[in-house]
Amino acid sequence: MGFARACSVALVGVEGVVVEVQADLEAGVAAFTLVGLPDKSLVESRDRVRAAVVNSGAEWPQKKLTVGLSPASVPKGGSGFDLAVACAVLGAAERIDPASIADVVMIGELGLDGRVRPVRGVLPAVLAAADAGYRQVVVPEQTAGEAALVPGVSVLGVRSLRQLIAVLCDEPVPDEQRAEEGRPDPMLAGLMVPGAGLGTGLTRGPAAGDGARPDLADVAGQERPRKALEIAAAGGHHLLLTGPPGAGKTMLAERMPAILPPLTRQESLEVTAVHSVAGILPPGEPLIARPPYCAPHHSATMQSLVGGGNGLPRPGAVSLAHRGILFLDEAPEFSVKTLDALRQPLESGHVVVARSAGVVRLPARFLMVLAANPCPCGRHTLSGEGCACPPSAVRRYQARLSGPLLDRVDLRVTVAPVTREDLMGRGGRGESTETVAARVREARERAAERLAGTPWTTNSEVPGHELRTRLAAAPGALMAAERDMERGLLTARGLDRVLRVAWTVADLRGAARPDASDVAAALELRSGIPRGVPLGAGAP
């Protein structure tokens, strides 16, 4: 009787569970049994593994073979277990030394010819293996760079099962045929889900030196919305842009990713892990360094927005926008249930999706930008033009953005129609993305220095208790906000959010703490009621 074991990883959402793959050979009628709660794609690995082993020049054992996946209570799916199953079988058959694979984590799909194909979710799988104490992993060669992002782990990238057998047995490693230069590698087929990035409106942040990237200076006029955009980027505050069609709401949102600072190392790993699981991680770019930008269409379902799907839930748009921007254009056109589903992740920074197959916790700390017309025809607030919508239609349209959702939006700005002078450039071009991004970066650095030693990095994450005690504003600065709260114009959550915005305004002008003018600016940006505070772009 032969026995051997190897290790692989089962992904539950964006978290991994190390699975021990055990192979047992005993006398009896030749059969291959796979146990341990596998799904359809994993059950099919029996045929893939058998063909791959035979076509790799190894002998398939003609005995009763049982492969167990432990712990058996964890649902397992996907083709990433193929490599571990094959090595466990070869170890039980004594083709390779069982001791050499006992503590090695193997991730990869096997083709019928023995080639190792890349799979999704390599980074979170290797992170889970490292957390469990494993220090050696074997992955497909195409995803070795992604696995190498995890510190303290030795990564071996292989192109075929033949190569792995040779390495484990100290034999000469055979060369495998590579794709011709200039032609796409067929082994990468399936690594990215076709249409996944396009279907969610996901695009990566613009690369440095890309001459086609949108510039904030292209936006004509709109000084107050531009300043609100800067404040939102500096503090991570949610933003609502309201205005008629053609005023520039979408242009402003599309230029926001470029003014956000680059992701830190930890944030990059978090974002890359989510994108790897979702199958939208670009080949050749194992680490995402820029904040993502996700703009789903208003016909998106609740499951596509917050996560879901058959079996264990998969990341939705809110998770794909983690540490980046979620832009909801034509926000009132989204279903009311879909919009209200955003209320939990907006507060907690994660989303918990429960299905019959299990409960998954997905990261979802994003900056939300909403764009909305004032009414169905879009001309409700335009002077000199009549609105074709009856008052009841206007009220119903505006009520699609519920009060509890709007209470979580820190900045609400009206985008006025562009004047002829601004459009023809007679008023001069506005500040460039580079100039605004520099101020945002400096404000973020001030906030990070102030919040050093705490679990928070931006002003939008600081709890209200800390803002009212340890990080208090200047004496008398909150009088206007307290009056609004007494009149019922501001909720307790709203007061905390006004304080967060006031801290960001103070950081942008280099002040040690917010004063009455900063709080007044935050109140004006939240309520839209003028308070006599200048908010021009670049104003100190």
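Rules behind the numbers
- The residue count restarts for each chain, going from 1 along the sequence in the order it is written.
- Side-chain atom pairs in this predicted model are given and counted only at pLDDT of 80 or more, local residue features only at pLDDT of at least 70, and totals for whole chains, interfaces and linings cover all residues.
- By convention in this description, side-chain values take in all heavy atoms of the structure and omit both hydrogens and water.
- Numbering of helices and strands runs from the N terminus, with a helix taken as a DSSP run of H or I at least four residues long and a strand as a DSSP run of E at least two residues long.
- Note on classification: 1.4 Å probe, protein chains only; a residue is buried when its accessible area is under 20% of the maximum for its type, exposed when over 50%, partly exposed between these limits.
- Note that accessible areas follow from Shrake-Rupley with a 1.4 Å probe, and for residues the cover is restricted to the protein chains shown.
- The criterion for strand pairing is that DSSP finds at least two bridges linking the strands in question.
- Angles here are taken between N-to-C directions and fall from 0 to 180 degrees, while the axes themselves are lines fitted to C-alpha atoms, restricted in helices to the stretch in contact.
- Between 65 and 115 degrees an angle is taken as roughly perpendicular, under 35 as roughly parallel, over 145 as roughly antiparallel, and anywhere else as oblique.
- Residue contacts are defined here by distance: any two heavy atoms, one from each residue, within 4.5 Å place the two residues in contact.
- We call Asp, Glu, Lys and Arg charged. Ala, Val, Leu, Ile, Met, Phe, Trp, Tyr, Cys and Pro are nonpolar, and the rest, Gly among them, are polar.
- Confidence scores labelled pLDDT are given residue by residue by the predictor and lie between 0 and 100.
- Each crossing gets its handedness from the near helix: less than a right angle anticlockwise from the far helix is left-handed, clockwise is right-handed.

### What to know about the overall build of the protein chain
In terms of helices and strands, the protein chain carries 22 helices and 17 strands. A total of 540 residues make up the protein chain; the buried ones form 51% of that total. By element, 52% of the accessible surface of the protein chain is carried by carbon and sulfur atoms, the whole surface being about 23,700 Å².

### Some points on the pairing of strand β4 (residues 64-70)
Relative to β4, strand β2 (residues 15-26) is paired through 7 bridges, and the arrangement is antiparallel. Each residue of the ladder has a partner; that of Val21, found in β4, is Leu69. As defined by bridge partners, strand β3 (residues 31-35) adjoins β4 across 5 bridges and the pair is classed as parallel. Counterpart to Leu34 in the pairing with β4 is Val67.

### Comments concerning the packing of helix α4 (residues 122-131) against helix α10 (residues 265-278)
Running from N to C, α4 and α10 point in directions that differ by 120 degrees, and their axes come no closer than 7 Å. One element, α4, and the other, α10, form an angle in the oblique class. Taking contact as the criterion, the partners of Val122, Leu123 and Pro124 in α4 are, on α10, Leu269, Thr272, Ala273, Ser276 and Val277. Classifying every residue of the contact of α4 with α10 by side-chain character gives 6 nonpolar, 2 polar and no charged.

### What about the confidence of the model for the protein chain?
Counting all residues, the mean pLDDT for the protein chain is 88, and 90% of those residues have values of 70 or more. Counting contacts from residues 198-211, a segment whose pLDDT is below 50, to residues more than four positions away or on other chains yields 23 contacts. Note on residues 536-540: pLDDT under 50 across the span, and 12 contacts to partners over four residues away in sequence or across chains.

### Regarding the side chain of Arg408
Along the chain, the position of Arg408 falls in the loop between α16 (403-406) and β17 (411-414). Leave out the neighbours within four places in its chain, and Arg408 touches His238, Arg343, Leu346, Glu347, Arg493 and Arg497.

### Section: the packing of helix α21 (residues 492-508) against helix α22 (residues 516-527)
Axis separation between α21 and α22 bottoms out at 8 Å; the angle between their running directions is 120 degrees. In terms of their interaxial angle, α21 and α22 are classed as oblique. Here α21 runs over α22; the crossing is right-handed. Taking contact as the criterion, the partners of Gly494, Arg497, Val498, Val501, Ala502, Val505 and Ala506 in α21 are, on α22, Asp518, Val519, Ala522, Leu523, Leu525 and Arg526. Across the contact of α21 with α22, the residue classes break down as 9 nonpolar, 1 polar and 3 charged.

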